[in-house]
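Tertiary structure, described
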Amino acid sequence: MDNEYFEKKVRPILVANCVSCHGESKQKGGLRLDTKAAFTKGGDNGPVVVPGDLAKSRLVKAINYDDEIKMR
């Protein structure tokens, strides 16, 4: 994912929905989603995104309620 795509398409969604719990001042589960570098690094349980395979990405599973972790 190139930086321009991330900044225009992905980051606004994360800022609107995720950074209150996964941002600069608070990182539940060690996961920070307010920068591309942090997004690709993942959290305490490792990466949350599997490049090229969104079906295996923990972030996608969490926001779709397809996993034990449920995002609010």
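These notes cover the structure that comes with them. Computed from a predicted structure; not experimentally measured.

1. Concerning the overall build of the protein
- Along the protein, the regular secondary structure elements total three helices and zero strands.
- Taken from N to C terminus, the helices and strands of the protein fall in the order α-α-α.
- Along the longest, intermediate and shortest principal axes, the C-alpha atoms of the protein span 30 × 30 × 20 Å.
- When the 72 residues of the protein are sorted by exposure, 25% land in the buried category.
- Considering only contacts within the protein whose residues lie at least 6 apart along the sequence, 18% involve residues at least 24 apart.
- As displayed, the protein offers around 5100 Å² of accessible surface, 53% of which is attributable to carbon and sulfur atoms.
- Across the protein, the centroid of the 13 positively charged side chains sits 3 Å from that of the 10 negatively charged ones.

2. Topic: helix α1 (residues 3-17)
- Taking 1.5 Å per residue, 15 residues should reach 21 Å; α1 reaches 20 Å between its end C-alpha atoms and fits that length.
- At Val-10, α1 is deflected by roughly 45°, the largest bend along its length, and proline Pro-12 occurs up to four residues later in sequence.
- Within α1 the residues assigned to the buried category are Phe-6, Val-10 and Leu-14.
- Buried-residue contacts for α1 involve α2 (36-41) and α3 (58-63).

3. Here we look at the side chain of His-22
- Checked against the element boundaries, His-22 lands in the loop between α1 and α2.
- His-22 sits in the buried class, given a relative accessible area of 9%.
- Ignoring any residue separated from it by four or fewer positions in sequence, one finds His-22 in contact with Gln-27, Lys-28, Leu-31, Arg-32, Leu-33, Asp-34 and Met-71.

The rules behind each value
Residues numbered from 1 in each chain as written. Predicted model: local features only at pLDDT ≥ 70, side-chain atom pairs only at ≥ 80, totals over all residues. Heavy atoms only, no water. Helix = DSSP H or I, 4+ residues; strand = E, 2+ residues; numbered from the N terminus. Buried < 20%, exposed > 50% of the residue type's maximum accessible area, 1.4 Å probe, protein only. Contact = heavy atoms within 4.5 Å. Areas by Shrake-Rupley, 256 points an atom, 1.4 Å probe, with all protein chains shown as cover. Lys, Arg positive; Asp, Glu negative; His and termini not counted. Charge placed at Lys NZ, Arg CZ, Asp CG, Glu CD. Expected span 1.5 Å × (residues − 1). Bend = angle between axes of the 7 residues up to and from the residue.

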